[in-house]
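Here's the letter readout for the chains.
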Protein chains: 2
Amino acid sequence: MTRAAPYDRDLALDRAMQLFWSQGYHATSLKDIEAALDMRPGSIYAAFKSKDGLFRLALARYYRRMMEVFDDRLAAAESPLEALADWLRFHVEIRLDDPAPPACMLAKTSLELADIDGEAGAEARAYLREVAERFAAVFALARARGELPDSADPERLARLLQAKIMGLTVFLQREADPQALRQLADDLADEVLALRHPGKAA
Amino acid sequence: MTRAAPYDRDLALDRAMQLFWSQGYHATSLKDIEAALDMRPGSIYAAFKSKDGLFRLALARYYRRMMEVFDDRLAAAESPLEALADWLRFHVEIRLDDPAPPACMLAKTSLELADIDGEAGAEARAYLREVAERFAAVFALARARGELPDSADPERLARLLQAKIMGLTVFLQREADPQALRQLADDLADEVLALRHPGKAA
DNA sequence: GGCAAGATTGAGCGATCACTCAATTGTGGT
DNA sequence: ACCACAATTGAGTGATCGCTCAATCTTGCC
(Lines give C-alpha, C1' and ligand atoms only; values in the text may rest on other atoms or scores of the structure.)
Protein backbone atom coordinates (compact mmCIF):
# COMPACT_ATOMS: atom_id res chain seq x y z
CA MET A 1 0.00 0.00 0.00
CA THR A 2 1.18 3.46 -0.79
CA ARG A 3 -1.49 5.44 0.94
CA ALA A 4 -3.81 4.18 3.63
CA ALA A 5 -7.46 5.03 3.33
CA PRO A 6 -8.10 7.71 5.96
CA TYR A 7 -11.65 6.57 6.44
CA ASP A 8 -12.87 3.52 8.30
CA ARG A 9 -14.77 1.44 5.79
CA ASP A 10 -16.68 -0.37 8.49
CA LEU A 11 -17.72 2.83 10.17
CA ALA A 12 -18.69 4.34 6.84
CA LEU A 13 -20.90 1.38 6.03
CA ASP A 14 -22.54 1.63 9.43
CA ARG A 15 -23.36 5.26 8.81
CA ALA A 16 -24.63 4.52 5.32
CA MET A 17 -26.83 1.76 6.73
CA GLN A 18 -28.26 4.10 9.35
CA LEU A 19 -28.90 6.79 6.76
CA PHE A 20 -30.60 4.54 4.19
CA TRP A 21 -32.49 2.77 6.94
CA SER A 22 -34.11 5.93 8.21
CA GLN A 23 -34.59 7.79 4.93
CA GLY A 24 -34.99 5.06 2.33
CA TYR A 25 -33.20 4.83 -0.99
CA HIS A 26 -34.77 7.59 -3.08
CA ALA A 27 -34.99 10.19 -0.34
CA THR A 28 -31.28 9.89 0.37
CA SER A 29 -29.11 12.04 -1.89
CA LEU A 30 -25.39 11.80 -2.48
CA LYS A 31 -25.06 15.09 -0.61
CA ASP A 32 -26.56 13.36 2.43
CA ILE A 33 -24.16 10.48 2.01
CA GLU A 34 -21.14 12.76 1.63
CA ALA A 35 -22.07 14.50 4.86
CA ALA A 36 -22.83 11.33 6.81
CA LEU A 37 -19.70 9.46 5.73
CA ASP A 38 -17.51 12.57 5.63
CA MET A 39 -16.30 11.49 2.20
CA ARG A 40 -16.16 13.23 -1.16
CA PRO A 41 -17.94 11.85 -4.24
CA GLY A 42 -14.78 10.45 -5.80
CA SER A 43 -13.92 8.42 -2.72
CA ILE A 44 -17.45 7.16 -2.36
CA TYR A 45 -17.48 5.89 -5.92
CA ALA A 46 -14.00 4.41 -5.65
CA ALA A 47 -14.99 2.55 -2.50
CA PHE A 48 -18.59 1.56 -3.21
CA LYS A 49 -19.02 1.79 -6.99
CA SER A 50 -22.36 3.62 -6.96
CA LYS A 51 -25.22 4.79 -4.78
CA ASP A 52 -26.98 1.54 -5.59
CA GLY A 53 -23.86 -0.44 -4.68
CA LEU A 54 -23.54 1.34 -1.35
CA PHE A 55 -27.20 0.75 -0.63
CA ARG A 56 -26.90 -2.97 -1.27
CA LEU A 57 -23.87 -3.21 0.97
CA ALA A 58 -25.84 -1.40 3.66
CA LEU A 59 -28.76 -3.77 3.15
CA ALA A 60 -26.52 -6.83 3.42
CA ARG A 61 -24.99 -5.40 6.57
CA TYR A 62 -28.42 -4.80 8.07
CA TYR A 63 -29.46 -8.37 7.30
CA ARG A 64 -26.29 -9.83 8.79
CA ARG A 65 -26.55 -7.69 11.93
CA MET A 66 -30.14 -8.67 12.52
CA MET A 67 -29.37 -12.35 12.12
CA GLU A 68 -26.43 -12.14 14.50
CA VAL A 69 -28.56 -10.53 17.16
CA PHE A 70 -31.28 -13.09 16.58
CA ASP A 71 -28.84 -15.97 16.91
CA ASP A 72 -27.45 -14.50 20.11
CA ARG A 73 -30.88 -14.18 21.64
CA LEU A 74 -31.86 -17.64 20.46
CA ALA A 75 -28.79 -19.12 22.16
CA ALA A 76 -29.65 -17.30 25.38
CA ALA A 77 -33.37 -18.15 25.32
CA GLU A 78 -35.04 -20.77 27.47
CA SER A 79 -36.50 -22.51 24.44
CA PRO A 80 -36.86 -22.01 20.67
CA LEU A 81 -40.45 -20.87 20.97
CA GLU A 82 -39.54 -18.44 23.75
CA ALA A 83 -36.85 -17.00 21.49
CA LEU A 84 -39.33 -16.35 18.70
CA ALA A 85 -41.78 -14.70 21.07
CA ASP A 86 -38.94 -12.68 22.55
CA TRP A 87 -37.92 -11.52 19.09
CA LEU A 88 -41.25 -9.75 18.69
CA ARG A 89 -40.92 -7.95 22.01
CA PHE A 90 -37.31 -7.08 21.24
CA HIS A 91 -38.27 -4.98 18.21
CA VAL A 92 -40.26 -2.67 20.46
CA GLU A 93 -37.46 -2.36 22.98
CA ILE A 94 -34.82 -1.29 20.47
CA ARG A 95 -37.26 1.27 19.13
CA LEU A 96 -37.87 2.66 22.61
CA ASP A 97 -34.19 2.63 23.57
CA ASP A 98 -33.16 4.62 20.53
CA PRO A 99 -35.93 6.57 18.80
CA ALA A 100 -33.87 6.97 15.63
CA PRO A 101 -34.15 3.59 13.90
CA PRO A 102 -37.67 3.06 12.59
CA ALA A 103 -39.26 0.06 10.89
CA CYS A 104 -37.39 -2.97 9.54
CA MET A 105 -35.10 -1.94 6.68
CA LEU A 106 -35.87 -5.08 4.69
CA ALA A 107 -39.60 -4.43 4.83
CA LYS A 108 -39.13 -0.75 3.98
CA THR A 109 -36.92 -1.58 1.02
CA SER A 110 -39.24 -4.31 -0.21
CA LEU A 111 -42.05 -1.74 -0.32
CA GLU A 112 -40.12 1.23 -1.62
CA LEU A 113 -38.34 -0.67 -4.39
CA ALA A 114 -41.36 -2.75 -5.33
CA ASP A 115 -40.48 -2.87 -8.99
CA ILE A 116 -40.06 -6.47 -10.12
CA ASP A 117 -36.80 -5.76 -11.85
CA GLY A 118 -34.37 -3.72 -9.82
CA GLU A 119 -31.70 -5.52 -7.89
CA ALA A 120 -31.96 -3.85 -4.50
CA GLY A 121 -35.65 -4.54 -3.99
CA ALA A 122 -35.23 -8.14 -5.13
CA GLU A 123 -32.34 -8.55 -2.71
CA ALA A 124 -34.41 -7.23 0.17
CA ARG A 125 -37.14 -9.75 -0.63
CA ALA A 126 -34.56 -12.52 -0.87
CA TYR A 127 -33.24 -11.60 2.58
CA LEU A 128 -36.79 -11.67 3.91
CA ARG A 129 -37.18 -15.18 2.56
CA GLU A 130 -33.96 -16.20 4.27
CA VAL A 131 -35.23 -14.76 7.53
CA ALA A 132 -38.42 -16.77 7.12
CA GLU A 133 -36.35 -19.90 6.50
CA ARG A 134 -34.45 -19.21 9.69
CA PHE A 135 -37.72 -18.87 11.59
CA ALA A 136 -38.93 -22.12 10.04
CA ALA A 137 -35.80 -23.89 11.22
CA VAL A 138 -36.40 -22.66 14.76
CA PHE A 139 -40.04 -23.76 14.64
CA ALA A 140 -38.86 -27.16 13.42
CA LEU A 141 -36.45 -27.29 16.33
CA ALA A 142 -39.25 -26.44 18.74
CA ARG A 143 -41.33 -29.25 17.26
CA ALA A 144 -38.46 -31.71 17.54
CA ARG A 145 -38.10 -30.78 21.20
CA GLY A 146 -41.75 -31.48 21.80
CA GLU A 147 -42.56 -27.82 22.33
CA LEU A 148 -44.95 -27.93 19.40
CA PRO A 149 -47.33 -30.69 18.31
CA ASP A 150 -46.12 -32.95 15.51
CA SER A 151 -48.78 -31.54 13.25
CA ALA A 152 -47.20 -28.07 13.31
CA ASP A 153 -46.00 -26.80 9.92
CA PRO A 154 -42.74 -24.84 10.38
CA GLU A 155 -42.87 -22.97 7.06
CA ARG A 156 -46.43 -21.94 7.63
CA LEU A 157 -45.74 -20.76 11.16
CA ALA A 158 -42.66 -18.90 9.92
CA ARG A 159 -44.72 -16.94 7.40
CA LEU A 160 -47.23 -16.14 10.11
CA LEU A 161 -44.52 -14.92 12.45
CA GLN A 162 -42.80 -12.86 9.79
CA ALA A 163 -46.04 -11.16 8.82
CA LYS A 164 -46.60 -10.27 12.47
CA ILE A 165 -43.11 -8.90 12.90
CA MET A 166 -43.37 -6.78 9.78
CA GLY A 167 -46.77 -5.53 10.84
CA LEU A 168 -45.38 -4.64 14.23
CA THR A 169 -42.45 -2.71 12.78
CA VAL A 170 -44.73 -0.80 10.42
CA PHE A 171 -46.86 -0.02 13.43
CA LEU A 172 -43.82 1.34 15.23
CA GLN A 173 -43.72 4.11 12.64
CA ARG A 174 -47.16 5.51 13.43
CA GLU A 175 -47.45 4.91 17.15
CA ALA A 176 -45.06 6.16 19.81
CA ASP A 177 -46.84 5.33 23.06
CA PRO A 178 -44.58 2.81 24.86
CA GLN A 179 -47.42 1.12 26.68
CA ALA A 180 -49.47 0.52 23.54
CA LEU A 181 -46.42 -0.79 21.69
CA ARG A 182 -45.39 -3.16 24.48
CA GLN A 183 -48.94 -4.40 24.81
CA LEU A 184 -49.12 -5.06 21.09
CA ALA A 185 -45.82 -6.94 21.10
CA ASP A 186 -46.97 -8.96 24.10
CA ASP A 187 -50.24 -9.84 22.41
CA LEU A 188 -48.39 -11.01 19.29
CA ALA A 189 -45.83 -12.90 21.37
CA ASP A 190 -48.57 -14.60 23.35
CA GLU A 191 -50.08 -15.89 20.12
CA VAL A 192 -46.76 -17.56 19.35
CA LEU A 193 -46.50 -19.09 22.81
CA ALA A 194 -50.09 -20.30 22.55
CA LEU A 195 -48.95 -22.73 19.87
CA ARG A 196 -47.42 -24.85 22.60
CA HIS A 197 -48.78 -28.22 23.46
CA PRO A 198 -51.64 -27.68 25.88
CA GLY A 199 -50.34 -28.30 29.37
CA LYS A 200 -46.76 -28.48 28.21
CA ALA A 201 -44.34 -26.20 30.09
CA ALA A 202 -41.22 -25.25 28.14
CA MET B 1 -67.85 28.41 -17.71
CA THR B 2 -66.01 29.47 -20.80
CA ARG B 3 -64.06 26.33 -21.53
CA ALA B 4 -64.74 22.93 -20.12
CA ALA B 5 -61.78 21.02 -18.79
CA PRO B 6 -61.14 18.27 -21.35
CA TYR B 7 -59.91 15.89 -18.69
CA ASP B 8 -61.96 13.94 -16.19
CA ARG B 9 -60.73 15.02 -12.79
CA ASP B 10 -62.05 11.89 -11.15
CA LEU B 11 -60.35 9.63 -13.67
CA ALA B 12 -57.12 11.62 -13.38
CA LEU B 13 -57.11 11.22 -9.60
CA ASP B 14 -57.73 7.51 -9.97
CA ARG B 15 -54.74 7.19 -12.25
CA ALA B 16 -52.58 9.29 -9.96
CA MET B 17 -53.60 7.12 -7.03
CA GLN B 18 -52.72 3.97 -8.92
CA LEU B 19 -49.38 5.42 -9.97
CA PHE B 20 -48.33 6.68 -6.52
CA TRP B 21 -49.65 3.53 -4.94
CA SER B 22 -47.44 1.26 -6.99
CA GLN B 23 -44.34 3.44 -7.26
CA GLY B 24 -44.36 5.51 -4.10
CA TYR B 25 -43.87 9.27 -3.87
CA HIS B 26 -40.19 9.77 -4.63
CA ALA B 27 -39.92 7.20 -7.41
CA THR B 28 -42.76 8.87 -9.31
CA SER B 29 -41.64 11.77 -11.49
CA LEU B 30 -43.75 14.45 -13.07
CA LYS B 31 -42.98 12.87 -16.42
CA ASP B 32 -44.65 9.69 -15.16
CA ILE B 33 -47.63 11.71 -13.99
CA GLU B 34 -47.92 13.60 -17.27
CA ALA B 35 -47.99 10.30 -19.14
CA ALA B 36 -50.43 8.55 -16.78
CA LEU B 37 -52.90 11.43 -16.61
CA ASP B 38 -52.34 12.54 -20.22
CA MET B 39 -51.94 16.10 -18.98
CA ARG B 40 -49.27 18.72 -19.45
CA PRO B 41 -47.38 20.28 -16.50
CA GLY B 42 -49.35 23.52 -16.56
CA SER B 43 -52.70 21.75 -16.33
CA ILE B 44 -51.46 19.48 -13.57
CA TYR B 45 -50.34 22.42 -11.47
CA ALA B 46 -53.50 24.38 -12.19
CA ALA B 47 -55.63 21.44 -11.12
CA PHE B 48 -53.64 19.98 -8.24
CA LYS B 49 -51.27 22.72 -7.07
CA SER B 50 -48.13 20.56 -6.80
CA LYS B 51 -46.81 17.03 -6.88
CA ASP B 52 -47.25 16.93 -3.12
CA GLY B 53 -50.81 18.22 -3.45
CA LEU B 54 -51.68 15.58 -6.01
CA PHE B 55 -50.16 12.89 -3.84
CA ARG B 56 -52.22 13.93 -0.84
CA LEU B 57 -55.39 13.94 -2.89
CA ALA B 58 -54.50 10.45 -4.11
CA LEU B 59 -53.84 9.36 -0.53
CA ALA B 60 -57.18 10.75 0.67
CA ARG B 61 -58.90 8.98 -2.20
CA TYR B 62 -57.23 5.71 -1.33
CA TYR B 63 -58.32 6.04 2.28
CA ARG B 64 -61.90 6.86 1.36
CA ARG B 65 -62.12 4.00 -1.13
CA MET B 66 -60.79 1.48 1.37
CA MET B 67 -63.23 2.60 4.01
CA GLU B 68 -66.16 2.42 1.60
CA VAL B 69 -65.28 -1.12 0.65
CA PHE B 70 -64.83 -2.03 4.29
CA ASP B 71 -68.21 -0.58 5.22
CA ASP B 72 -69.85 -2.46 2.37
CA ARG B 73 -68.36 -5.74 3.47
CA LEU B 74 -69.19 -5.04 7.09
CA ALA B 75 -72.83 -4.46 6.16
CA ALA B 76 -72.92 -7.72 4.23
CA ALA B 77 -71.11 -9.78 6.87
CA GLU B 78 -72.77 -12.24 9.22
CA SER B 79 -71.31 -10.53 12.26
CA PRO B 80 -68.83 -7.77 13.15
CA LEU B 81 -66.11 -10.24 14.03
CA GLU B 82 -66.67 -12.14 10.80
CA ALA B 83 -66.30 -8.88 8.90
CA LEU B 84 -62.92 -8.18 10.50
CA ALA B 85 -61.68 -11.69 9.75
CA ASP B 86 -63.01 -11.38 6.21
CA TRP B 87 -61.14 -8.11 5.78
CA LEU B 88 -57.85 -9.93 6.22
CA ARG B 89 -58.70 -12.54 3.62
CA PHE B 90 -60.00 -9.88 1.27
CA HIS B 91 -56.59 -8.22 0.98
CA VAL B 92 -55.18 -11.40 -0.48
CA GLU B 93 -58.02 -11.80 -2.93
CA ILE B 94 -57.71 -8.32 -4.43
CA ARG B 95 -53.99 -8.94 -4.81
CA LEU B 96 -54.61 -12.22 -6.63
CA ASP B 97 -57.38 -10.81 -8.80
CA ASP B 98 -55.26 -7.94 -10.05
CA PRO B 99 -51.51 -8.40 -9.68
CA ALA B 100 -50.84 -4.68 -10.13
CA PRO B 101 -51.79 -3.15 -6.75
CA PRO B 102 -49.24 -4.10 -4.13
CA ALA B 103 -49.17 -3.39 -0.37
CA CYS B 104 -51.41 -0.94 1.45
CA MET B 105 -50.70 2.61 0.28
CA LEU B 106 -51.07 4.04 3.79
CA ALA B 107 -48.45 1.67 5.17
CA LYS B 108 -46.12 2.28 2.23
CA THR B 109 -46.42 6.03 2.61
CA SER B 110 -45.97 5.89 6.37
CA LEU B 111 -42.68 4.08 5.82
CA GLU B 112 -41.42 5.99 2.81
CA LEU B 113 -42.20 9.43 4.21
CA ALA B 114 -41.08 8.60 7.73
CA ASP B 115 -39.76 12.07 8.44
CA ILE B 116 -41.55 13.57 11.45
CA ASP B 117 -42.24 16.80 9.67
CA GLY B 118 -43.61 16.42 6.18
CA GLU B 119 -47.32 16.64 5.66
CA ALA B 120 -47.94 13.61 3.46
CA GLY B 121 -46.35 11.08 5.79
CA ALA B 122 -48.14 12.57 8.78
CA GLU B 123 -51.42 12.38 6.89
CA ALA B 124 -50.87 8.72 6.08
CA ARG B 125 -50.27 7.99 9.75
CA ALA B 126 -53.37 9.97 10.68
CA TYR B 127 -55.43 7.90 8.25
CA LEU B 128 -53.99 4.73 9.76
CA ARG B 129 -55.13 5.91 13.17
CA GLU B 130 -58.60 6.54 11.79
CA VAL B 131 -58.67 3.04 10.34
CA ALA B 132 -57.70 1.67 13.75
CA GLU B 133 -60.49 3.67 15.35
CA ARG B 134 -62.91 2.18 12.87
CA PHE B 135 -61.69 -1.31 13.75
CA ALA B 136 -62.06 -0.48 17.44
CA ALA B 137 -65.66 0.60 16.88
CA VAL B 138 -66.40 -2.71 15.17
CA PHE B 139 -64.75 -4.66 17.98
CA ALA B 140 -66.85 -2.66 20.45
CA LEU B 141 -69.94 -3.57 18.45
CA ALA B 142 -68.95 -7.22 18.53
CA ARG B 143 -68.57 -7.00 22.29
CA ALA B 144 -71.94 -5.30 22.68
CA ARG B 145 -73.53 -8.09 20.68
CA GLY B 146 -72.01 -10.68 22.97
CA GLU B 147 -69.63 -11.93 20.30
CA LEU B 148 -66.69 -10.98 22.51
CA PRO B 149 -66.29 -11.25 26.28
CA ASP B 150 -66.92 -8.08 28.28
CA SER B 151 -63.26 -7.99 29.19
CA ALA B 152 -62.22 -7.43 25.56
CA ASP B 153 -60.43 -4.12 24.92
CA PRO B 154 -61.52 -2.75 21.51
CA GLU B 155 -58.59 -0.34 21.05
CA ARG B 156 -56.09 -3.00 21.91
CA LEU B 157 -57.66 -5.53 19.58
CA ALA B 158 -57.81 -2.89 16.87
CA ARG B 159 -54.07 -2.27 17.10
CA LEU B 160 -53.46 -6.00 16.97
CA LEU B 161 -55.63 -6.39 13.89
CA GLN B 162 -54.08 -3.43 12.12
CA ALA B 163 -50.58 -4.74 12.74
CA LYS B 164 -51.61 -8.07 11.25
CA ILE B 165 -53.17 -6.47 8.20
CA MET B 166 -50.12 -4.32 7.56
CA GLY B 167 -47.85 -7.31 8.02
CA LEU B 168 -49.95 -9.28 5.60
CA THR B 169 -49.83 -6.55 2.95
CA VAL B 170 -46.08 -6.20 3.31
CA PHE B 171 -45.88 -9.94 2.91
CA LEU B 172 -47.89 -9.70 -0.30
CA GLN B 173 -44.96 -7.83 -1.79
CA ARG B 174 -42.42 -10.62 -1.37
CA GLU B 175 -44.55 -13.71 -1.82
CA ALA B 176 -46.64 -14.56 -4.86
CA ASP B 177 -47.75 -18.14 -4.21
CA PRO B 178 -51.57 -18.01 -3.89
CA GLN B 179 -51.77 -20.99 -1.60
CA ALA B 180 -49.24 -19.63 0.88
CA LEU B 181 -50.93 -16.23 0.87
CA ARG B 182 -54.42 -17.63 1.41
CA GLN B 183 -53.15 -19.87 4.16
CA LEU B 184 -51.49 -16.94 5.88
CA ALA B 185 -54.63 -14.82 5.65
CA ASP B 186 -56.68 -17.73 6.99
CA ASP B 187 -54.31 -18.20 9.91
CA LEU B 188 -54.52 -14.52 10.79
CA ALA B 189 -58.29 -14.48 10.35
CA ASP B 190 -58.65 -17.53 12.57
CA GLU B 191 -56.81 -15.71 15.33
CA VAL B 192 -59.43 -12.98 15.15
CA LEU B 193 -62.30 -15.45 15.23
CA ALA B 194 -60.67 -17.28 18.16
CA LEU B 195 -61.41 -14.22 20.29
CA ARG B 196 -65.04 -15.30 20.39
CA HIS B 197 -66.67 -16.50 23.54
CA PRO B 198 -65.86 -20.17 23.87
CA GLY B 199 -68.84 -22.12 22.66
CA LYS B 200 -70.57 -19.05 21.28
CA ALA B 201 -71.66 -19.32 17.64
CA ALA B 202 -71.97 -15.95 15.87
C1' DG C 1 -69.23 36.37 -36.06
C1' DG C 2 -66.63 38.44 -32.51
C1' DC C 3 -65.32 38.94 -27.90
C1' DA C 4 -64.11 37.99 -23.08
C1' DA C 5 -62.93 34.47 -19.93
C1' DG C 6 -61.06 30.19 -18.62
C1' DA C 7 -58.15 26.45 -19.53
C1' DT C 8 -54.27 24.15 -21.89
C1' DT C 9 -49.95 24.29 -23.72
C1' DG C 10 -44.87 23.30 -23.78
C1' DA C 11 -40.50 25.50 -23.95
C1' DG C 12 -37.64 26.39 -20.60
C1' DC C 13 -36.51 28.03 -15.64
C1' DG C 14 -33.04 27.28 -11.67
C1' DA C 15 -31.95 23.60 -8.74
C1' DT C 16 -30.50 19.29 -7.87
C1' DC C 17 -29.64 14.62 -9.31
C1' DA C 18 -25.99 10.73 -9.62
C1' DC C 19 -21.59 10.64 -11.17
C1' DT C 20 -16.56 11.54 -13.43
C1' DC C 21 -11.80 12.66 -13.86
C1' DA C 22 -7.61 15.51 -14.11
C1' DA C 23 -5.10 17.27 -10.49
C1' DT C 24 -3.43 16.88 -5.92
C1' DT C 25 -2.02 14.72 -1.72
C1' DG C 26 0.02 11.43 1.28
C1' DT C 27 2.67 7.14 2.08
C1' DG C 28 6.01 3.13 2.04
C1' DG C 29 10.14 1.44 -0.05
C1' DT C 30 14.76 2.27 -1.12
C1' DA D 1 15.68 12.43 0.15
C1' DC D 2 13.13 11.01 -3.35
C1' DC D 3 10.06 8.55 -6.15
C1' DA D 4 6.22 5.58 -7.70
C1' DC D 5 1.82 4.68 -6.72
C1' DA D 6 -2.57 4.51 -4.33
C1' DA D 7 -6.11 7.26 -2.74
C1' DT D 8 -8.60 11.71 -2.16
C1' DT D 9 -10.23 15.71 -3.94
C1' DG D 10 -13.97 18.90 -5.74
C1' DA D 11 -15.19 21.47 -9.68
C1' DG D 12 -17.88 20.27 -13.15
C1' DT D 13 -20.52 16.75 -16.40
C1' DG D 14 -25.15 15.96 -18.74
C1' DA D 15 -29.54 14.58 -17.28
C1' DT D 16 -33.47 15.13 -14.85
C1' DC D 17 -35.93 17.15 -11.09
C1' DG D 18 -40.37 19.96 -9.82
C1' DC D 19 -42.32 23.83 -11.56
C1' DT D 20 -43.67 28.57 -14.16
C1' DC D 21 -45.73 31.57 -17.42
C1' DA D 22 -46.47 33.99 -21.80
C1' DA D 23 -48.76 32.42 -25.68
C1' DT D 24 -52.46 29.81 -27.58
C1' DC D 25 -56.67 27.65 -27.94
C1' DT D 26 -61.59 26.68 -26.98
C1' DT D 27 -65.88 27.73 -25.25
C1' DG D 28 -70.40 30.44 -24.00
C1' DC D 29 -72.63 34.65 -24.65
C1' DC D 30 -74.30 38.55 -27.20
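Residues numbered from 1 in each chain as written. Chains lettered and ligands numbered in written order. Predicted model: local features only at pLDDT ≥ 70, side-chain atom pairs only at ≥ 80, totals over all residues. Heavy atoms only, no water.

### Side note on the pattern of salt bridges
How we decide: Within this document, salt bridges are pairs made up of a side-chain nitrogen of Lys or Arg and a carboxyl oxygen of Asp or Glu, the two lying within 4 Å of each other. The helix and strand labels rest on DSSP assignments: H or I over at least four residues marks a helix, E over at least two residues marks a strand, and numbering proceeds from the N terminus. Buried, partly exposed and exposed residues are distinguished by accessible area as a fraction of the type maximum, computed with a 1.4 Å probe on protein chains only: under 20%, between the cut-offs, and over 50%, respectively.
A complete count under the given rule lists 35 salt bridges over all chains for this structure. In this structure, the salt-bridge partner of Arg64(B) is Glu68(B), at a minimum N-O distance of 3.3 Å. One end of the pair, Arg64(B), and the other, Glu68(B), are both in helix H4 (residues 51-76), four residues apart, so they sit about a helical turn from each other. Relative accessible area serves as the criterion here: at 42%, Arg64(B) is assigned to the partly exposed category. With a shortest N-O distance of 3.3 Å, Glu175(B) and Arg174(B) are connected by a salt bridge. Assessed through its relative accessible area of 17%, Glu175(B) is described here as buried. Classification of Arg174(B) by relative accessible area gives buried; the value is 8%. Each of Asp10(A), Asp14(A), Arg61(A) and Arg65(A) takes part in one network of salt bridges that share partners.

### Focus: the interface of chain B and chain A
How large an interface is tends to be reported as the accessible area lost when its parts come together. Our working rule: Note on definitions: a residue-residue contact is assigned when non-hydrogen atoms from the two residues lie within 4.5 Å. Summed over both partners, the accessible surface that disappears when two parts come together, traced with a 1.4 Å probe, is what is meant by buried area.
On the side of chain A, 34 residues touch chain B, which itself brings 34 residues to the contact. Contact between chain B and chain A buries roughly 3,300 Å² in total, counting both sides, with carbon and sulfur atoms accounting for 64%. Of all residues in chain B, Leu111(B), Arg159(B) and Arg174(B) give up the largest surface area on contact with chain A, accounting jointly for 23% of the area buried on that side. The interface formed by chain B and chain A includes four salt bridges.

### Description of empty space enclosed by the protein
All names here are of chain B. As a reminder, the rule being used: Here a cavity means grid points, on a 1 Å grid over the protein atoms only, where a 1.4 Å probe fits yet cannot get out; a pocket means an open set of points with protein on both sides within 12 Å along at least five of seven lines; lining residues are those with an atom within 4 Å of a point. Grid points are joined across faces, edges and corners, and a volume is the space filled by probe spheres set on the points.
Across all of its chains, the model carries five cavities of 30 Å³ or more by this definition. Here the largest cavity defines a volume of roughly 180 Å³. Lining of the largest cavity is provided by 15 residues; of these, Met66, Trp87, Cys104, Val131 and Phe135 occupy positions nearest its centre. For the lining of the largest cavity, the secondary-structure elements that each account for two or more residues are H4, helix H5 (80-97), helix H7 (119-144) and helix H8 (154-174).

### Looking at the relation of the copies chain B and chain A
Note the cut-off: The superposition of copies rests on a least-squares fit of C-alpha positions from residues with pLDDT of 70 or more in both.
By a simple turn and slide, chain B fits onto chain A: the slide is 0.0 Å along the axis, the RMSD is 0.0 Å, and the turn is 180°. Seen this way, the second copy is the image of the first under a two-fold rotation axis. Among all residues of chain B, the one whose C-alpha sits closest to the rotation axis is Gly167(B), at a distance of 1.8 Å. Most of the interface of chain B is mirrored in chain A: 100% of its interface residues are interface residues there too.

### Observations concerning the state of the cysteines
The cut-off we apply is this: In what follows, a disulfide is any cysteine sulfur pair within 2.5 Å.
If you walk through the whole model with that rule in mind, you get zero disulfides over all chains. This cysteine, Cys104(A), is not joined by any disulfide, and Cys104(B) carries the nearest cysteine sulfur, 17 Å off. For Cys104(A), a relative accessible area of 12% puts it in the buried group.

### A short note on the packing of helix H8 (residues 154-174) of chain A against H8(B)
Defined as follows: Every axis in this analysis is a line fitted to C-alpha atoms, fitted for helices over the stretch in contact. Angles between the N-to-C directions lie between 0 and 180 degrees. Each angle receives one of four descriptions, namely roughly parallel if under 35 degrees, roughly antiparallel if over 145, roughly perpendicular if within 65 to 115, and oblique otherwise. A clockwise turn of the near helix away from the far one marks a right-handed crossing, whereas an anticlockwise turn of less than a right angle marks a left-handed crossing. Gly falls in the polar group here, along with every residue not listed as nonpolar (Ala, Val, Leu, Ile, Met, Phe, Trp, Tyr, Cys, Pro) or charged (Asp, Glu, Lys, Arg).
One way to put it is that H8(A) packs onto H8(B) with a least axis distance of 7 Å and a crossing angle of 115°. It follows that H8(A) is roughly perpendicular to H8(B) by the angle criterion. Of the two possible hands of crossing, H8(A) and H8(B) adopt the one that is right-handed. In this structure, H8(A) uses Arg159(A), Gln162(A), Ala163(A), Lys164(A), Met166(A), Gly167(A), Leu168(A), Val170(A), Phe171(A) and Arg174(A) to contact H8(B), whose residues at the interface are Arg159(B), Gln162(B), Ala163(B), Lys164(B), Met166(B), Gly167(B), Leu168(B), Val170(B), Phe171(B) and Arg174(B). Across the contact of H8(A) with H8(B), the residue classes break down as 10 nonpolar, four polar and six charged.

Nothing here speaks to function; it is geometry throughout.
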